[in-house]
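Take a look at the letters that make up each chain.
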Amino acid sequence: MKKIICILIILAFAIPLAFASGSKDKKPSGKITIYTSMYEYVTEAVKADLQKRFPGCTIEFVYGGTGVLQARIASEQASGRLGCDILMVAEPAYSLELKEKGMLHPFISSERSSLAFDYDPEGCWYPVRISNMVLAFNPARNARNTVPNSFYDFAHNTGARGAISMRNPLVSGTTMATVTALRDKYGHGYFDALGSQRVKIDYGSDETLSKLESGECRVAMILEESILRIRQVNNSRLEIIYPTDGVVVIPSTIMIINNKWSANKNTSAAEAITNWFLGEEGQNAIVNGWMHSVRADFPRIPNGSIPTEEILANSIPVIWDNIFRQKEDIRSRFETGILSSGR
């Protein structure tokens, strides 16, 4: 009887340990769909790295600007289920909105202590890449001292009137973050000034780059990564201006959709992929895509850029809650300001 009792006690301890070990060693599998605003040339490279790391997973990226993805998700909510498991958008404001709606899965990442930027304390969202809104010009057509070197002058230097360009904040999350930061810094009159400048509104970075190359625009508000890429890939002569009144630093976020809303209800794989993005392997892919790492210990910066710390030392703060709570008002006032020029 004593032997039987001893065997039962041993089994009582051994079985849970065996299950725990099996769970720990289980490799992610199944399908994962990721909605992302990252440019497709980045996602294609990232997808190849992810498939090597997670061979048991079928990973699909669906690309769209943040505004397009928000509209898609709003439409999908009516069906009670989204088409994605992970969402990667341009800035944290939309993450705040989805968390408030109870659509996000809290996940405490093992990489969180290495992050140099804020994240949700409950783990509903994390910064995954850093984009910087800057100015750019073509030195083959204009001298640096003849074009606006600050965001203020971008909207007020009459010498550039009719020859400035920017993305549409109604579809671009990074531009929405930028115009909100500039409104907070300079007031709603900033939008009216842009209208008076007859700013050209573009629907893609390629359009903006083309206007700079051709000389149609003398200076443009654009993401640093777009200029870094075209300089390296196309040997472009376009140059970055880090605005004297501050760069707008935009931490783009990654979120896991909770099982109630997710497409494939594959939380374990989504957590593993999120950890990969936040870890050194994922951040290496991000920096290869000409964006800055979110990690404090990451040794590299994008090719052709300046140190992240130097950019942060002169940056314009963004109040993410303002974008979340005041989004419609900002959109309306921006449109009114642009249209006030009578174009």
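Structural notes, computed from the coordinates. (Residues numbered from 1 in each chain as written. Predicted model: local features only at pLDDT ≥ 70, side-chain atom pairs only at ≥ 80, totals over all residues. Heavy atoms only, no water.)

## Here's the deal with the nonpolar core
Then, in step 1: Core analysis: the biggest nonpolar cluster contains 81 residues, and Ile34, Leu50, Phe151, Phe154, Leu194, Ile273 and Phe277 have the highest contact counts within it.
Then, in step 2: No other element matches the eight residues that strand β4 (residues 126-137) contributes to this core.
Then, in step 3: Counting 17 residues, the second-largest nonpolar core is a separate cluster that includes Tyr35, Leu87, Met255 and Trp261. (Core = buried A, V, L, I, M, F, W, Y, C linked by side-chain atoms within 4.5 Å. Buried < 20%, exposed > 50% of the residue type's maximum accessible area, 1.4 Å probe, protein only. Helix = DSSP H or I, 4+ residues; strand = E, 2+ residues; numbered from the N terminus.)

## A word on the state of the cysteines
Then, in step 1: This model, assessed by the stated rule, comprises zero disulfides.
Then, in step 2: You can see Cys124 has no disulfide; the closest cysteine sulfur is in Cys84, sitting 15 Å from it. (Disulfide = S-S within 2.5 Å.)

## Quick look at the pattern of salt bridges
Then, in step 1: All chains considered together, the criterion is met by 17 salt bridges.
Then, in step 2: In this structure, Arg183 engages Asp184 in a salt bridge whose closest nitrogen and oxygen atoms are separated by 2.6 Å.
Then, in step 3: Assessed through its relative accessible area of 8%, Arg183 is described here as buried.
Then, in step 4: Salt bridges linked by common partners bring Glu97, Lys101 and Lys327 together as one network. (Salt bridge = Lys/Arg side-chain N within 4 Å of Asp/Glu carboxyl O.)

## Digging into helix α3 (residues 66-77)
Then, in step 1: Taking 1.5 Å per residue as the helical rise, α3 with its twelve residues ought to reach 16 Å, and the 16 Å between its terminal C-alpha atoms agrees with that figure.
Then, in step 2: Within α3, burial applies to Thr66, Gly67, Leu69, Gln70, Ile73 and Glu76.
Then, in step 3: Elements that come into contact with the buried residues of α3 comprise β1 (30-36), β2 (57-63), β3 (86-89), α4 (93-100), α6 (173-186) and α13 (320-339). (Expected span 1.5 Å × (residues − 1). Contact = heavy atoms within 4.5 Å.)

## Things to note about the packing of aromatic side chains
Then, in step 1: In the structure shown here, the tally under the stated rule is seven aromatic pairs.
Then, in step 2: Ring plane angle 15° and centroid distance 5.8 Å describe the contact between Tyr186 and Tyr190, whose orientation is recorded as stacked.
Then, in step 3: For Tyr186, a relative accessible area of 29% corresponds to the partly exposed category.
Then, in step 4: You can call Tyr190 buried: its relative accessible area is 1%.
Then, in step 5: Taken together, the ring pairs in this structure connect Tyr39, Tyr41 and Trp290 into an aromatic cluster.
Then, in step 6: The residue whose ring lies beneath Arg53 is Phe54, and the NZ or CZ to ring-centre distance is 5.0 Å.
Then, in step 7: In this arrangement the basic side chain of Arg229 is found over the ring face of Tyr41, its NZ or CZ atom lying 3.8 Å from the centre. (Phe/Tyr/Trp six-rings, centres within 6.5 Å; stacked < 30°, edge-to-face > 60°. Lys NZ or Arg CZ within 6 Å of the ring centre and 35° of its normal.)

## A short note on the environment of Ile319
Then, in step 1: Among the structural elements, Ile319 can be located in the loop between α12 (308-313) and α13.
Then, in step 2: For Ile319, a relative accessible area of 45% gives the class partly exposed.
Then, in step 3: C-alpha separation for the pair Ile319 and Ala93, spaced 226 residues apart in sequence, amounts to 8.8 Å.

## Here's the deal with the side chain of Arg183
Then, in step 1: Residue placement: Arg183 occurs in helix α6.
Then, in step 2: Discounting chain neighbours no more than four positions away, the residues touching Arg183 are His188, Phe191, Asn322, Gln326, Asp329 and Ile330.

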